[in-house]
Amino acid sequence: MAWNVLAAALTLLYPLAIWLGHGSIEPRWLAGLLLLTVATRLPALKLNASARWSAAGALALVALAVVSNAVLPLKLYPVLVNGALLAAFGYSLVSGPSMVERLARLREPELPPAAVAYTRRVTQAWCAFFVVNGAIALGTALFSPEAVWSLYTGVVSYVLMGLMFGGEYLLRMRFKRLHHV
């Protein structure tokens, strides 16, 4: 439990730390924060292929930051996370069942066909979210000051994700009511 809290805190504080540290701490030392962030998440993950690729990508960003002593590789971590989530959710649409269906079946093992179709649409919506969120994170990493990048990746993207969760929850309640599920 404490490990999960540490992982969540590091993930949430990462953009702020990069912004505050930029200019006063060399990027190669800030790379240690990304390494620590990735390391704290590994025990919580089931190391499937997607998780391994994501961890390898993060380690590549750490290596680039250390070798180049540049902050850009560190700012690309949120892009990597969105790409990994897009890959996992997108692959589930191809291989089936969809990611949201898998999660829904943890609570309700017997889903009617209408609910399966609904979970597929929700998975598609999350894929669109990860594309847009990742593109904005990339744009802010490449073209915006560190403060803008930090604000977007450390606050705005989480607010948008919360709105997506909340909006989907309201739609799900409406769907259940209309379909008597």
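Residues numbered from 1 in each chain as written. Predicted model: local features only at pLDDT ≥ 70, side-chain atom pairs only at ≥ 80, totals over all residues. Heavy atoms only, no water.

## Observations concerning the overall build of the chain
Helix and strand counts for the chain stand at eight helices and zero strands. Counting only C-alpha atoms and orienting by the principal axes, one finds that the chain spans roughly 60 × 30 × 30 Å. Expressed as a percentage of its 181 residues, the buried residues of the chain come to 33%. For the chain, contacts bridging at least 24 residues in sequence account for 69% of all contacts bridging at least 6. Per element, the accessible surface of the chain, about 10,400 Å² overall, is 73% carbon and sulfur. (Helix = DSSP H or I, 4+ residues; strand = E, 2+ residues; numbered from the N terminus. Buried < 20%, exposed > 50% of the residue type's maximum accessible area, 1.4 Å probe, protein only. Contact = heavy atoms within 4.5 Å. Areas by Shrake-Rupley, 256 points an atom, 1.4 Å probe, with all protein chains shown as cover.)

## Some points on the packing of aromatic side chains
Applying the stated criterion across every chain yields a total of six aromatic pairs. Between the aromatic rings of Phe89 and Phe130, the centroid separation amounts to 5.3 Å while the plane-to-plane angle is 75°, which identifies the pairing as edge-to-face. Of this pair, Phe89 sits in helix H5 (residues 77–95) while Phe130 is found in helix H7 (residues 113–143), placing the two residues 41 residues apart along the sequence. The same class applies to Phe89 as to Phe130, namely buried. (Phe/Tyr/Trp six-rings, centres within 6.5 Å; stacked < 30°, edge-to-face > 60°.)

## Quick notes on the packing of helix H6 (residues 99–107) against H7
Relative placement of two packed helices is described by the angle separating their axes and the distance separating the axes. It is at 7 Å that the axes of H6 and H7 come closest, and there the two elements cross at 125°. In terms of orientation, H6 and H7 fall into the oblique class. Contact residues: Met99, Val100, Glu101, Ala104 and Arg105 in H6; Val116, Thr119, Val122, Thr123 and Trp126 in H7. Broken down by class, the residue content of the contact of H6 with H7 amounts to six nonpolar, two polar and two charged. (Axes fitted to C-alpha atoms, helices over the stretch in contact; angles between N-to-C directions. Parallel < 35°, antiparallel > 145°, perpendicular 65-115°, else oblique. Nonpolar A, V, L, I, M, F, W, Y, C, P; charged D, E, K, R; others polar.)

## A closer look at the side chain of Glu101
Mapping Glu101 onto the fold places it in helix H6. Classification of Glu101 as buried rests on a relative accessible area of 9%. Those residues within four positions of Glu101 in sequence are excluded, and the remaining contacts are Leu111, Val116 and Thr119.

## Describing H5
With 19 residues, H5 should cover 27 Å at 1.5 Å per step; its first-to-last C-alpha distance of 27 Å lies within 8% of that length. Taken together, the buried positions of H5 are occupied by Tyr77, Pro78, Asn82, Ala84, Ala88, Phe89, Ser92 and Leu93. Remark: Gly96 follows H5 within two positions and exhibits a positive phi of approximately 65°. (Expected span 1.5 Å × (residues − 1).)

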